[in-house]
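Spelled out from the first residue to the last, the chains are:
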Amino acid sequence: MNPRNQESNQMSKKQSTELVEANETALVVPDFMQTAETEGLDEISKYQTTPRLTLIQGQSSPERKEQFGEGGVCIMPDNVGIAEPGEEFTVVPLVFWVTWEVWSDINDPTLPMVCESTMDETSDIARRAKNADLREEVYGDRSEYRKNYIECLNFIVAIDGGPSDGTIATLTFSKGEHYAGSKLCSFLKRRKVPIYGNRIALKSQARTRNNRSWWGLEFNNPADGNAFVTSKEKFEEFQAMHRELADLMRTSSLSVNREDDNVNDSSNSSEDCPI
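Given the structure is predicted, the values throughout are model-derived calculations rather than measurements.

Draft legend 1. Spatial organisation of unusual backbone geometry. Cis geometry marks the peptide bond from Met-76 to Pro-77; its omega dihedral reads 5°. Tracing the backbone shows Pro-77 in the loop between strand S5 (73-76) and strand S6 (80-83). The phi dihedral of Lys-175 is positive, around 50°, even though this residue is not glycine. Among the residues examined, Lys-175 registers a relative accessible area of 6% and is labelled buried. With phi around 55°, Lys-192 is a residue other than glycine that occupies positive phi space. Tracing the backbone through its elements, the reader meets Lys-192 in the loop between helix H3 (178-191) and strand S12 (200-209).

Set out below in structure tokens:
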């Protein structure tokens, strides 16, 4: 049994009158402050980031594989364990958006994993990501590296249940997992309820394609039988979070926390990109 780090950074969890620290000690806002206007936060809201839901791959660092296990699910850069390999966990999707990104070569030590990112579907990055003949570009002094132009299907989700209940993270489907993300989009569309009213069960699964192996995420209805959020209070909470996040997306004010990012931990290590 791999150890779990049960600390979690929580965003807009429970009531707005509580601040939750990593040690889960709740600090109650004084009564006189609860009705005060939230002055001074406008500029701060322009720079919000979300951590990312990460699958530990075979080529991940030995330290991460030791901590979470190959195929384990965690939240980075918070280093919080969510599920062990093949273990089901449930999320509520809050918002969806598409980005087009340029990824550097895994062996290039000079560039970050994500060199460029855009939400502009008319951009050159998006155009190249959608064309199988243009998705790869050779670069470097000796043409020793290859950039990839990638379409990413992104969800911000809330963990529903377990020790990390309420934790917010970004779940991205791209490259070898793009098809799985497309299927999830269709699955949600058919339900015909607000995106934040759905409960989705996820679990890691080993995949093999074209002599390449990696870990991806399978989705299904939760084992507890509740495919929808059944609590009106939680539904309204998720609705408020959805609207706040959607506003940030519209103004391009929200980004994924790429701190300590590593393509080796990507759930999309397959070179295939079935867009």
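We are not done yet, so read on.
Draft legend 2. Local environment of the confidence of the model for the protein chain. Looking at the protein chain, the pLDDT average stands at 82 and 79% of residues meet or exceed 70. Ranking the elements of the protein chain by mean pLDDT puts strand S1 (residues 18-20) last with 34 and helix H2 (residues 124-129) first with 97. Note that pLDDT drops below 50 for residues 1-26; the model gives that stretch 53 contacts with residues more than four away or on any other chain. A low-confidence stretch, residues 263-275 stays under pLDDT 50, and its non-local contacts, those more than four residues away or across chains, total 55 contacts.

Draft legend 3. The arrangement of the pairing of S6 in detail. Summarising the sheet, S5 and S6 pair through three bridges and their orientation is antiparallel. In the strand pairing of S6, Cys-74 is matched with Gly-81. Count of turn residues in the S5/S6 antiparallel hairpin: three residues, of which Asn-79 carries a positive phi of about 65°.

Draft legend 4. Representation of the nonpolar core in the model. Leu-53, Val-73, Ile-82 and Phe-89 are the most contacted members of the largest nonpolar core, which has 24 residues in total. Sequence-distant contacts of Phe-89, defined by excluding residues within four places in its chain, comprise Leu-53, Val-73, Ile-82, Ala-83, Ile-159, Ile-200, Ala-201, Leu-202, Lys-203 and Leu-217. Judged by nonpolar contacts, the second largest core, of 14 residues, contains Ala-158, Ile-168, Ala-246 and Met-249.

Draft legend 5. Quick peek at the pattern of salt bridges. Overall, the coordinates contain twelve salt bridges when judged by the stated rule. As a salt-bridge pair, Glu-136 and Arg-146 come within 3.0 Å of each other at their nearest N and O atoms. Placement of the pair is Glu-136 in strand S9 (residues 136-139) and Arg-146 in strand S10 (residues 145-159), with a sequence separation of ten residues. The partner of Asp-247 in a salt bridge is Arg-250, and the shortest N-O contact between them spans 2.3 Å. Of this pair, Asp-247 and Arg-250 both sit in helix H4 (residues 232-250), separated by three residues, roughly a single helical turn. On the basis of relative accessibility, which here comes to 42%, the residue Asp-247 falls in the partly exposed class. For Arg-250, a relative accessible area of 62% puts it in the exposed group. Residues joined in a network through salt bridges with shared partners are Asp-160, Asp-165, Arg-199, Asp-224 and Lys-234.

Draft legend 6. The arrangement of the packing of aromatic side chains in detail. Tallied over the entire structure, the rule returns five aromatic pairs. Look at Phe-96 and Phe-155: their rings are 4.9 Å apart centre to centre, the planes differ by 50°, and that puts the pair in the tilted class. Placement of the pair is Phe-96 in strand S7 (residues 89-103) and Phe-155 in strand S10, with a sequence separation of 59 residues. Centre to centre, the rings of Tyr-196 and Phe-235 are 5.2 Å apart; their planes meet at 50°, and the pair counts as tilted. Within this pair, whereas Tyr-196 is found in the loop between H3 and S12, its partner Phe-235 is found in helix H4, the two being separated by 39 residues in sequence. An aromatic cluster is defined as three or more aromatic residues linked by ring pairs; in this entry it consists of Phe-96, Phe-155 and Phe-173. A cation over an aromatic ring shows up here: Arg-128 above the ring of Tyr-149, its NZ or CZ 4.1 Å from the ring centre.

Reading the values: the criteria
Residues numbered from 1 in each chain as written. Predicted model: local features only at pLDDT ≥ 70, side-chain atom pairs only at ≥ 80, totals over all residues. Heavy atoms only, no water. Helix = DSSP H or I, 4+ residues; strand = E, 2+ residues; numbered from the N terminus. Buried < 20%, exposed > 50% of the residue type's maximum accessible area, 1.4 Å probe, protein only. pLDDT = per-residue confidence, 0-100. Contact = heavy atoms within 4.5 Å. Pairing = 2+ DSSP bridges. Core = buried A, V, L, I, M, F, W, Y, C linked by side-chain atoms within 4.5 Å. Salt bridge = Lys/Arg side-chain N within 4 Å of Asp/Glu carboxyl O. Phe/Tyr/Trp six-rings, centres within 6.5 Å; stacked < 30°, edge-to-face > 60°. Lys NZ or Arg CZ within 6 Å of the ring centre and 35° of its normal.

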